[in-house]
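Coordinate inspection notes
For reference, the chains in residue letters:
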Amino acid sequence: YWFKPIFITFPLSTITLFVFIAYHMIDRGVFQGFEFFFILLMNYMGLATLLNKTDVIISSTKIWTKTHPLPFWFSKKYDISEIEQLYTTEVGNSYGVVMIFKDYTEEDLVGVDSKEEGLYIEREIEKIIGLEDKYCVGQV
């Protein structure tokens, strides 16, 4: 299904914030640099949330995500040899694929819309990097 609450939430919150800040800027007759930066940041993040797609990339030694078409700065590479387990968990109204490392720390890999999509991504990655599926607390 194509509809997600985020399709309405981000544009409405961004527009509301823009109108609020613009009103106060006009009222004071001053244009503040911080307010302008904040408006740009909120609009960029709203557009990135609506337009971007995420790819999970696996090399022989690393795994990472890449978002496109708008660049997003929250991408980090992880060593495959440090990953102990992957699992899918529920996050609010959506789901996420989480990595557990050998030092028992956790990192979110990618967010998805459905439980089935998360479980599919989890299984495929485990198959590619050679991990055995094990039960994890918090998995769906």
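This write-up is about the structure you can find in this document. Small disclaimer: the values here were computed from a predicted structure and weren't measured.

Here's the deal with the pattern of salt bridges
Across all of its chains, the model carries 3 salt bridges by this definition. Ionic pairing is found between Lys-62 and Asp-79, a salt bridge with its closest N-O pair at 2.6 Å. Placement of the pair is Lys-62 in strand 2 (residues 62–68) and Asp-79 in strand 3 (residues 78–79), with a sequence separation of 17 residues.

Observations concerning helix 3 (residues 115–129)
One turn of the α-helix equals 3.6 residues, which is why residues spaced by three or four share an orientation. In this model, helix 3 (15 residues) spans 21 Å end to end at C-alpha, consistent with the 21 Å of a helix rising 1.5 Å per residue. Along helix 3, the residues that are buried comprise Gly-118, Ile-121, Glu-122, Ile-125, Glu-126 and Ile-129. The arc that holds the buried residues of helix 3, viewed along the axis, is 130°, so those residues lie on one side. Of the exposed residues in helix 3, the ones pointing more than 90 degrees away from its buried face are Glu-116, Lys-127 and Ile-128. Buried positions along helix 3 lie against strand 1 (53–58), strand 2, strand 4 (83–91), strand 5 (94–101) and strand 6 (106–112). Two residues or fewer past helix 3, Gly-130 is found with a positive phi of approximately 80°.

Thoughts on the nonpolar core
Counting residues in each nonpolar core, the largest one holds 15 residues, and the members touching the most others are Ile-63, Met-99, Leu-109 and Ile-125. Residue assignment for this core shows that the elements contributing at least two residues are strand 4, strand 5, strand 6 and helix 3. The contacts of Ile-63, once residues within four sequence positions are left out, are Val-56, Ile-57, Ile-58, Lys-76, Lys-77, Tyr-78, Ile-80, Ile-83, Met-99, Leu-109 and Ile-125.

Quick look at unusual backbone geometry
Cis rather than trans, the peptide bond between His-68 and Pro-69 has omega equal to 10°. Here Pro-69 shows up in the loop between strand 2 and strand 3. One non-glycine residue, Tyr-104, lies in positive phi territory at about 70°. If you trace the backbone, Tyr-104 turns up in the loop between strand 5 and strand 6.

Thresholds, definitions, all that
- Residues numbered from 1 in each chain as written.
- Predicted model: local features only at pLDDT ≥ 70, side-chain atom pairs only at ≥ 80, totals over all residues.
- Heavy atoms only, no water.
- Salt bridge = Lys/Arg side-chain N within 4 Å of Asp/Glu carboxyl O.
- Helix = DSSP H or I, 4+ residues; strand = E, 2+ residues; numbered from the N terminus.
- Expected span 1.5 Å × (residues − 1).
- Buried < 20%, exposed > 50% of the residue type's maximum accessible area, 1.4 Å probe, protein only.
- Arc of directions from axis to C-beta.
- Contact = heavy atoms within 4.5 Å.
- Core = buried A, V, L, I, M, F, W, Y, C linked by side-chain atoms within 4.5 Å.

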